[in-house]
Amino acid sequence: MEILVTGGAGYIGSHTCLELLRAGHGVTVVDNLSNSSVESLKRVQDLAGKPLTFHQVDLLDREALDAVFERTAFEAVIHFAALKAPAESVAKPLDYYYNNVTGTLILSQVMQVHGVKNLIFSSTAAVYGEPAEVPIREDFPVAPLNPYGRSKLMSEEILRDLYRSDESWNVVLLRYFNPVGAHPSGRIGEDPSGIPNNLVPYIAQVAVGKRAELSVFGDDYSTPDGTGIRDYIHVVDLALGHLKALEKLDSDPGVVTYNLGTGRGYSVLEVVAAFEKASGRTIPYRVVGRRPGDMAVSYTDPAKANRELGWSATKGIDEMCADGWRWQSDNPNGYR
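One structure accompanies this document, and this report is about it. The structure presented is a predicted model; accordingly, all values stated were derived computationally and were not measured.

## Here's the deal with the overall build of the protein
The helix and strand tally for the protein stands at 11 helices and 14 strands. Here the C-alpha radius of gyration of the protein, 19 Å, is about what a compact globule of 336 residues would show, namely 20 Å. If you line up the protein on its principal axes, its C-alpha atoms span 55 × 45 × 40 Å. Across the 336 residues in the protein, those meeting the buried criterion constitute 54%. A fraction of 80% describes how many contacts in the protein between residues 6 or more apart in sequence connect residues 24 or more apart. Total accessible area on the protein is roughly 13500 Å²; 48% of this is exposed by carbon and sulfur atoms. Here the protein carries 32 positive and 42 negative side-chain charges, and the mean point of each set is 3 Å from the other.

## Overview of the environment of Asp-166
Inspection of the secondary structure puts Asp-166 in the loop between α6 (147–165) and β6 (170–176). Relative accessible area serves as the criterion here: at 18%, Asp-166 is assigned to the buried category. Each C-alpha atom, one on Asp-166 and one on Gly-254, is 9.8 Å from the other, the two residues being 88 residues apart in sequence. A polar contact of 2.6 Å, which involves the side chain of Asp-166, links it to the side chain of Lys-117.

## Here we look at the packing of helix α1 (residues 11–22) against helix α8 (residues 235–249)
It is the contact of α1 with α8, at a shortest axis distance of 8 Å, that shows an interaxial angle of 60°. For the element pair α1 / α8, the angle class is oblique. Considering only the axes of α1 and α8, their crossing is right-handed. Of α8, the residues touching α1 (which contributes Tyr-11, Ile-12, His-15, Thr-16, Glu-19 and Leu-20) are Val-235, Val-236, Leu-238, Ala-239, Leu-240, His-242, Leu-243 and Leu-246. Of the residues in the contact of α1 with α8, the class split is 10 nonpolar, three polar and one charged.

## Observations regarding the packing of aromatic side chains
The final tally for this structure, using the stated rule, is three aromatic pairs. Look at Phe-69 and Phe-74: their rings are 5.3 Å apart centre to centre, the planes differ by 80°, and that puts the pair in the edge-to-face class. The burial state of Phe-69 is the same as that of Phe-74; both residues are buried. Note on Phe-275 and Trp-325: the rings are 6.1 Å apart at their centroids and 85° apart in plane angle, and the pair reads as edge-to-face. Taken together, the residues span a long stretch of sequence, with Phe-275 in helix α9 (residues 268–279) and Trp-325 in helix α11 (residues 317–330) at a distance of 50 residues. Overall, Phe-275 belongs to the buried group, its relative accessible area being 0%. Take Trp-325: its relative accessible area is 12%, and that puts it in the buried class. The positively charged end of Arg-264 is found above the aromatic ring belonging to Tyr-266, 4.1 Å away from the centroid. The ring of Tyr-221 is capped by Arg-290, whose NZ or CZ atom sits 4.0 Å from the centre of that ring.

Quick notes on the rules
Residue indices begin from 1 for each chain and proceed along its sequence in written order. In keeping with the predicted nature of the model, local features appear solely for residues at pLDDT of at least 70, side-chain atom pairs appear and are counted solely at 80 or more, and the whole-chain, interface and lining totals rest on all residues. Side-chain measures were taken over the full set of non-hydrogen atoms in the model, leaving aside hydrogen atoms and water. Secondary structure elements are defined from DSSP: runs of H or I of at least 4 residues count as helices, runs of E of at least 2 residues count as strands, and each element is numbered from the N terminus. Computation of the radius of gyration draws on C-alpha atoms alone. For the globule rule, the value is 2.2 Å times the number of residues to the power 0.38. Here's how the labels work: a residue is buried when its accessible area is under 20% of the maximum for its type, exposed when over 50%, partly exposed in between, all with a 1.4 Å probe on protein chains only. By definition, residues are in contact when any of their heavy atoms lie within 4.5 Å. Throughout, the Shrake-Rupley method with a 1.4 Å probe supplies accessible areas, and for residues the shown protein chains are the sole cover considered. For this count, His and the chain ends are skipped, Lys and Arg are scored as positive, and Asp and Glu as negative. A charged residue contributes its charge at one atom only: NZ of Lys, CZ of Arg, CG of Asp or CD of Glu. Polar contact is defined as a pair of N or O atoms within 3.5 Å, subject to the rule that within protein one atom must be able to donate a hydrogen and the other to accept it, and that residues adjacent in sequence are counted only when both atoms are side-chain atoms. Each axis is a line fitted through C-alpha atoms, and for a helix only the stretch in contact is used; angles between axes span 0 to 180 degrees, taken between their N-to-C directions. Any angle that is under 35 degrees is reported as roughly parallel, and any over 145 degrees as roughly antiparallel; angles of 65 to 115 degrees are reported as roughly perpendicular and all others as oblique. Definitions for this section: a left-handed crossing has its near helix turned counterclockwise from the far helix by less than a right angle. A right-handed crossing has that turn clockwise. In this count, Pro and Cys sit with the nonpolar residues alongside Ala, Val, Leu, Ile, Met, Phe, Trp and Tyr, while Asp, Glu, Lys and Arg are called charged and the others, Gly among them, polar. The aromatic pairing rule takes the rings of Phe, Tyr and Trp, using the six-membered ring of Trp, and pairs them if the centres are within 6.5 Å, calling planes under 30 degrees apart stacked, those over 60 edge-to-face and the rest tilted. Two thresholds decide whether a charge sits over a ring: the Lys NZ or Arg CZ must be within 6 Å of the ring centre and within 35 degrees of the ring normal.

Written out as C-alpha cells, the structure is:
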C-alpha cells in the first residue's frame, strides 16, 4: 500500500515508518520538523534498506498538503502530526486547539477531495481523564483533564461525524498509553526539543549527564509508593500496532477505537529503578509538587486490541529501559 504518514519524522512516526517499509509498504512523510529531525528519516531508510519520500509540509498549509496528494495516489493515511505535551497545553491551550484540531480538519478535507478515505488517527489515553477504575477499556467515559487530551477528543469526534456523513470512510482511532524506549539498534529514538516533557527521556538525560536530577511530580498519590502509575509501552510494539490497524482497514470497519498499552502499570519510582538497572547509573531525583492535569493511575485493558487486531505488546519495562538507554548513550545529543 501507498501510505502517507503525517508527523513521520517524530518519535512514534519514525518507528512506524521503519516497520511500514520493512513490511513492503510505500511511505511518504509530511512533517514540519517543529519537534523532529529529518535525520531520523535518513536513519529509518538506512535501517530498512529502502527509500521513502519526504516533504517538509505543515498540515495547516492546505495548498502544500494538496500538492502532496496530487503527486501520489495514497491508499491510507496515518496521522501523527500534533503538539503533544499535556502540561504545555495547559499554558498554551489556543496553540494546541489550533494546531491539533485545525490540522486534523484540513487533512480530512484534503483526503476527501482526493478520495482517500482510510485513516489511522494517533489519539491518546488522555481522553479518559481520571478513570473511575482501572484497567481502562475503550467503552469508558471520556473526560480529558487538559487541552491536549481535549484536542485529541475533538479530533476523534470530527472523524466520527465525518463517517456518519459518509460511510465509505474507515477510521481506526488508536488511544496510546505511554510510549517509551527506542529501536534496539540504537539508531532512532525519542529526541525532544528543549526540556523533555515525558518521564523516560528526562531520566535518560539525567543518566547521560545532560541534566542534574529528575523532578518527581508528587509523591502523595494514592499509590503504593505515592508516585503516579502509568502503562508504558515499547515504541516498537506501538509501531507494530499501526501495521495491524492497517490490516483492519481492509475489512471496512467504519470507525473503531483501540487502546494500545501493555495492561500493566509502573510507578515513577519503579521506572527510575528499572532505568538505573539498565544504565548501571544512579538517577538522582527530587520530589516537587504535582503538575496540573496529571492523574494518579492509568493503565489499559488491551483485550480488545488483542482480540480484534491480533496485536499485543511483547516487550517489558526492562527492555524498554535498556533500549532507551542504548539510544541515549549512543546519541547523547539526539539527532544533532
